[in-house]
Amino acid sequence: MIENKDYLLLAQIAEGLPICSHPYAIMGEKIGLSEAQVIERLTYLQDRGMIKRLGIIVKHATLGYRANAMIVWRIPEADIDFVAQEMLKFSFVTLCYQRPMLPEWPYNLYCMIHGKNKVTVENQLAQLIEQCGLETIEKQILFSSRCFKQRGAVYTAN
Amino acid sequence: MLELSDLQKKLLNDFQRNFPLTPKPYADIAKQLGVSENDVLNALNELDEKQCISRIGAIIPPNQIGVSTLAAMSIPENDIERVAAQINQYTEVNHNYEREHVVNLWFVLIAQNAVHLNNVISSIENETSYPVLRFPLIKEFFIDLSFRLDLAND
């Protein structure tokens, strides 16, 4: 069961783990949990899949990955799972989501490609299209131009 | 050019997941890498100062805790900064990007329940006077590997 204090804990971890000797103790102090309790609840949340990945969240842009494109595709409903699995075989595909089609935005599969520059990303996309046989699939390519906000989700308790 | 130490490169590539859930996680990482806890703390602090890392944090799958949606708007270029700033005021918004397209503002919202999420989206529509398209997640296709950073100096 998710408990109310878990939301407080997730709010803390969204801010980022302090870089010091006993980070979980520092985090716990702010929300009235002991170091052991923080570790116990985070382990629980991770085991249940409520935390998918605990670790360093890198800033791709500073590290030389300046281009990222979101590509949205119109894939026949029955083929979505297969196509998504094929796309994920490419290490440059960093996200792959199915989302609903809207009349004004008729695309149902979203993937993200990160690369060092736009040309690299375009080449990777060409490779993806060829190897997955997506030449005739309708799509839109959306390169990001500015980041207005990037941070962990903020969770609030009930 | 960004100069990174071997230790920093290792930290960036090997600790994007499975961060130790132990009383002294940085000391445990140090032990694995054969360096001191202080070496790890210093390396991470420097990565943070150089804006190479966003934070040491958790990725929460969408809709596991609370409800979330991707949302998008079409904003005239001369109005986009105003609209982006208004959207960013909401703590429910955690990512907000401009993309090169007519549909040019893309952001992610997360709230504890659907009613609250809908209220926030309605407020954004009222305040900015542009409609919001909603693309809630139907299915996530999982990626098991961390993104491998090519950190060679080039």
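Owing to the predicted nature of the structure, the values given are computational and were not obtained by experimental measurement.

### Let's talk about the environment of B:Lys139
As for its placement among the helices and strands, B:Lys139 is situated in strand S6 (residues 139-140). Sequence-distant contacts of B:Lys139, that is, excluding residues within four places in its chain, are made with A:Asp81, A:Cys96, A:Tyr97 and A:Gln98. A polar contact of 2.9 Å, which involves the side chain of B:Lys139, links it to the side chain of A:Asp81.

### Some remarks on the environment of A:Gly32
Of note, A:Gly32 is situated in the loop between helix H2 (23-31) and helix H3 (35-47). Spatially, the C-alpha atom of A:Gly32 lies 9.8 Å from that of A:Leu8, the residues being 24 residues apart in sequence.

### A look at the nonpolar core
Where a protein is soluble and globular, its nonpolar side chains tend to be buried together. Among the nonpolar cores identified, the biggest contains 44 residues, and A:Tyr24, A:Leu42, A:Ile56, B:Leu11, B:Leu12 and B:Leu44 are the most heavily contacted of them. Secondary structure elements with two or more residues in this core: helix H1 (4-15), H2, H3 and strand S1 (53-58) of chain A together with helix H1 (6-14), helix H2 (25-33), helix H3 (37-49) and strand S1 (53-59) of chain B. The contacts of B:Leu12, once residues within four sequence positions are left out, are A:Ile56, A:Val58, A:Leu63, B:Leu4, B:Leu47, B:Cys52, B:Ile53, B:Leu149 and B:Leu151. A:Ala67, A:Ile71, A:Ala84 and A:Val93 belong to the second-largest nonpolar core, a separate cluster that totals 26 residues.

### Regarding the domain arrangement of chain B
Looking at the assigned domains, one finds that chain B contains domain 1 (6-49) and domain 2 (67-135). Summarising the inter-unit geometry, the C-alpha centres of domain 1 of chain B and domain 2 of chain B are found 36 Å apart.

### Focus on the domain arrangement of chain A
Domains assigned within chain A are domain 1 (4-47) and domain 2 (67-143). A straight line from the C-alpha centre of domain 1 of chain A to that of domain 2 of chain A covers 36 Å.

### Some remarks on H1(A)
Residues and elements named next belong to chain A. Between the first and last C-alpha of H1 there are 18 Å, a value that for twelve residues agrees with the 16 Å anticipated at 1.5 Å per step. Considered for burial, the residues of H1 that qualify are Asp-6, Tyr-7, Leu-9, Leu-10, Ala-11, Gln-12, Ile-13 and Ala-14. Gly-16 occupies a position one or two residues after H1 and carries a positive phi of about 115°.

### Overview of the interface of chain A and chain B
Listed as interface residues are 80 residues of chain A and, on the opposing side, 75 residues of chain B. Taking both sides of the interface into account, the surface hidden between chain A and chain B amounts to around 7,400 Å²; carbon and sulfur atoms contribute 60%. Our count for the contact surface shared by chain A and chain B stands at six salt bridges. The closest approach of N and O atoms between A:Asp81 and B:Lys139, which form a salt bridge, is 2.9 Å.

Cut-offs applied
Residues numbered from 1 in each chain as written. Chains lettered and ligands numbered in written order. Predicted model: local features only at pLDDT ≥ 70, side-chain atom pairs only at ≥ 80, totals over all residues. Heavy atoms only, no water. Helix = DSSP H or I, 4+ residues; strand = E, 2+ residues; numbered from the N terminus. Contact = heavy atoms within 4.5 Å. Polar contact = N/O pair within 3.5 Å; in protein donor to acceptor, adjacent residues only side chain to side chain. Core = buried A, V, L, I, M, F, W, Y, C linked by side-chain atoms within 4.5 Å. Buried < 20%, exposed > 50% of the residue type's maximum accessible area, 1.4 Å probe, protein only. Domains from an automatic or database assignment. Expected span 1.5 Å × (residues − 1). Buried area = accessible area lost by both parts, 1.4 Å probe. Salt bridge = Lys/Arg side-chain N within 4 Å of Asp/Glu carboxyl O.

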